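What the coordinates show
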Amino acid sequence: MAQVSRRRYRVIRAMVRRALILTAAVAAGLTPVACLGQSSTRLPAKATQELPPALLSLLQQKNMPKHSPVVVRLFKEEAELEVWKQDASGRFQILKTYPICRWSGDLGPKLWEGDRQAPEGFYTVTPELMNPNSNFYLSINLGYPNKFDKANKRDGSFLMIHGDCWSSGCYAMTDEQISEIYSLARDSLGGRPSFQVQAYPFRLTPANLARHRNSPNLAFWKMLKIGNDHFETTQREPRVDVCDRRYVFDAQPPPNSPHPLVFDAAKKCPAFVVNPEIGRRALEKQRADELEYARLLEDEVPAAPIYSGLDGGMNKAFHARFPYRVTLAKVMPYASYLPHLPPIPWIDNDSSLTSKWFGVSFVQPIVCDLARAGLPSSRC
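All values reported here derive from a predicted model rather than from experimental measurement. (Residues numbered from 1 in each chain as written. Predicted model: local features only at pLDDT ≥ 70, side-chain atom pairs only at ≥ 80, totals over all residues. Heavy atoms only, no water.)

1. Details of the overall build of the protein
This is how the line gets drawn: The secondary structure listing takes helices from DSSP runs of H or I that are at least 4 residues long and strands from runs of E that are at least 2 residues long, numbered from the N terminus. Think of it in three bands: residues with accessible area under 20% of the maximum for their type are buried, residues over 50% are exposed, and the middle band is partly exposed, with areas taken using a 1.4 Å probe on protein chains only. Residue contacts follow a heavy-atom distance rule, with two residues in contact if any of their heavy atoms lie within 4.5 Å. For accessible areas, the Shrake-Rupley method is used with a probe of radius 1.4 Å. Any residue's cover is judged against the shown protein chains and nothing else.
If you tally the helices and strands in the protein, you get 10 helices and 14 strands. Taking all 380 residues of the protein together, the buried fraction comes to 48%. For the protein, restricting intrachain contacts to residue pairs at least 6 apart in sequence, the fraction spanning at least 24 positions comes to 65%. For the protein, the computed accessible surface area is about 18,200 Å², with 55% contributed by carbon and sulfur atoms.

Pasting the structure below:
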């Protein structure tokens, strides 16, 4: 791990402390924002608007009730967000694919606060995690860290799907996109406690796994693939539990068991079996994928570098629209060269105090000072 000189560390720490003091002073006078779950608070029009006519027509064509459940799937490398919706038969079908405008970090899970990593895993979004008053138009908090993250000593906060196409550990869309995604999520929560978000490094195909076979995250990704396969082979939302610091999917008590299953994320898994119908289909897919994976390794398909050396990605659909955001900052693996400091509050954190509150004249000099001290910045 690269070392930061004491002088640079003191300079950076002083600037962060200065910013934190100023942001705290302003924050003290702000009224807390309401979330979707706080029904007594009047919501802004952007959070209550109807779906556009074209999307309502698409729901009708696909035989999907407007208020049926959704599953959101995120793919970093492809920079795509999929919304799947339950049709009248009770199965999930893909409704629409949205190009992701910006995600940050590298391929791999989020490990700690400030590493700029966008989360990977299975997340549960409740109405309280829907923010209609976001500074990034609208936002959906993923609920990171979940039980798996906490059991594995990972931390971080305010990891979102939001608008404005700026990201620091989030999946950023355009305002037009998040308006649709937020409305679909909002409508699906009518009378339901939550919906599921599945966040992946890439589409978990044998070809992609073979390319990334040298990654230290391969075992983690293969674990995520089990849940992915359950979903893709049954078109039903997988039930997700955590025990022994790992994900478990569609578990049920063994035959003739007198006790319900109780999972503790940090403790040994109880005796369980996978729902046989789901397990059979997923196992068939897994075996076929493993044969294809072995063939690709035998053919010596080129391996991707362990780390891309780039800070995140953007779907090519946005390159012409946001040319100044295409050139991505060079980073070390998981931002390992950074000193261990509190997260910088003005950089693309959905709940933080940003230039939208202070104005560019306040934020810009500090961000540029950080860049001159050795921290990468795309805002100077």
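2. Examining the packing of aromatic side chains
For clarity, the threshold we go by: Pairing of aromatic rings covers Phe, Tyr and the six-membered ring of Trp, with a centre-to-centre limit of 6.5 Å; geometry is then stacked below 30 degrees between planes, edge-to-face above 60, and tilted otherwise. A positively charged side chain is recorded as over a ring if its NZ (Lys) or CZ (Arg) lies within 6 Å of the ring centre. The angle to the ring normal must also be within 35 degrees.
If you walk through the whole model with that rule in mind, you get 13 aromatic pairs. Look at Phe148 and Tyr247: their rings are 4.5 Å apart centre to centre, the planes differ by 10°, and that puts the pair in the stacked class. Here Phe148 is found in helix α4 (residues 147–151), whereas its partner Tyr247 is found in strand β12 (residues 246–249), with 99 residues between them in sequence. With respect to class, Phe148 is no different from Tyr247; both count as buried. Taken together through their ring pairs, the aromatic side chains of Phe75, Phe122, Phe148, Tyr200, Phe220, Tyr247 and Phe249 make up a single cluster. Looking at Arg154, its charged tip hangs above the ring of Phe220, at a distance of 5.4 Å from the centre. The ring of Phe75 is capped by Arg203, whose NZ or CZ atom sits 4.0 Å from the centre of that ring.

3. Some points on the sheet that holds strand β10 (residues 195–200)
Worth spelling out the cut-off: Whether two strands pair depends on DSSP finding at least two bridges between them. Structural elements are reduced to axes, namely lines fitted to C-alpha atoms, with helices fitted over the stretch in contact, and the angle between N-to-C directions of any two is expressed from 0 to 180 degrees.
With mixed pairing, 5 strands are arranged side by side in an open sheet as β3-β2-β1-β10-β5. Of all strands in the sheet, those bounded by a partner on one side alone are β3 (92–99) and β5 (121–125). Taking the axes of each pair of neighbouring strands and ignoring which way they run, one obtains an average angle of 20° across the sheet. Where strand β1 (residues 70–75) lies against β10, 5 bridges are found, and the strand directions are parallel. Across the sheet, the residue bridging to Val72 is Val197, located in β10. Packed on one face of the sheet, helix α5 (residues 175–188) meets β1, β2 (80–86), β3 and β10 and runs near 155° to β3. The strands touched by helix α7 (residues 218–234) within the sheet are β1, β2, β3, β5 and β10, with β10 carrying the most contacts at an inclination of about 125°.

4. Regarding the packing of α7 against helix α8 (residues 276–298)
The following threshold applies: Roughly parallel here means an angle under 35 degrees, roughly antiparallel means over 145, roughly perpendicular means 65 to 115, and every remaining angle is called oblique. Working rule for handedness: look at the near helix, and if it is turned counterclockwise from the far one by less than a right angle, call the crossing left-handed; if clockwise, right-handed.
Two elements in contact, α7 and α8, have axes separated by 9 Å at closest approach and are oriented at 130°. One finds that α7 runs oblique with respect to α8. Helix-helix and strand crossings are classified by hand; for α7 and α8 the assignment is right-handed. Contacts between α7 and α8 involve Leu218, Lys222, Lys225, Asp229, His230, Glu232, Thr233 and Thr234 on the former and, on the latter, Ile278, Arg281, Ala282, Lys285, Gln286, Asp289 and Tyr293.

5. Details of the side chain of Asn152
Basically, it comes down to this: Polar contact is defined as a pair of N or O atoms within 3.5 Å, subject to the rule that within protein one atom must be able to donate a hydrogen and the other to accept it, and that residues adjacent in sequence are counted only when both atoms are side-chain atoms.
Assignment of secondary structure puts Asn152 in the loop between α4 and β8 (160–162). Residue classification places Asn152 among the buried residues on the basis of a relative accessible area of 19%. Engagement of the side chain of Asn152 in a polar contact is seen with the backbone oxygen of Phe148, the distance being 2.9 Å. Polar side-chain contacts of Asn152 include one of 3.2 Å to the side chain of Arg245.

6. Some points on the state of the cysteines
Operational definition: Defined by distance alone, a disulfide is two cysteine sulfur atoms within 2.5 Å.
Tallied over the full model, the rule gives 2 disulfides. In this model Cys101 forms its disulfide with Cys165; the gap between the sulfur atoms is 2.0 Å. Between Cys101 and Cys165, the S-S torsion sits near -80°, and that sign places the bridge as left-handed. Here Cys101, found in the loop between β3 and β4 (102–103), pairs with Cys165, found in the loop between β8 and β9 (171–172); they are 64 residues apart in sequence, far enough to count as distant.

7. Looking at α5
Counted only if it meets this: Expected helix span is given by 1.5 Å per residue-to-residue step, counting one fewer step than there are residues.
Given a rise of 1.5 Å per residue, 14 residues ought to cover 20 Å, and the 20 Å separating the end C-alpha atoms of α5 matches this to within 8%. With 12 of its 14 residues buried, α5 lies for the most part within the structure. Listed in full, the buried residues belonging to α5 are Gln177, Ile178, Ser179, Glu180, Ile181, Tyr182, Ser183, Leu184, Ala185, Arg186, Asp187 and Ser188.

8. Describing the environment of Tyr307
When you line up the elements, Tyr307 lands in the loop between α8 and α9 (355–358). For the pair formed by Tyr307 and Gly108, sequence separation is 199 residues and the distance between their alpha carbons is 9.3 Å.

9. Examining the confidence of the model for the protein
For clarity, the threshold we go by: The quantity known as pLDDT measures the predictor's confidence residue by residue, on a range of 0 to 100.
For the protein, mean pLDDT is 81; residues scoring 70 or higher make up 74% of the total. When the criterion is pLDDT under 50, residues 16–33 qualifies, and its contacts beyond four places in sequence or with other chains add up to 18 contacts. Considering only residues more than four positions removed or in separate chains, one finds that residues 334–380, a stretch of pLDDT under 50, has 115 contacts.

10. Some details on the sheet that holds strand β6 (residues 130–131)
Spatially, β4-β9-β8-β7-β6 is the arrangement adopted by the 5 strands of the open sheet, whose pairing is mixed. For this open sheet the edge positions go to β4 and β6, each flanked by a neighbour on one side alone. Sheet analysis places β8 next to β9, joined by 2 bridges and oriented parallel. Paired with His162 across the bridge in β9 is Ala172.

11. Describing α7
Residues that lie three or four places apart on an α-helix share one face, since the helix turns once every 3.6 residues. The end-to-end C-alpha distance of α7 is 24 Å, a good match for the 24 Å that 17 residues give at a rise of 1.5 Å each. Most of α7 sits inside the fold, with 12 of its 17 residues counted as buried. Looking at α7, one finds that the buried residues are Leu218, Phe220, Trp221, Met223, Leu224, Lys225, Gly227, Asn228, Asp229, His230, Phe231 and Thr234.

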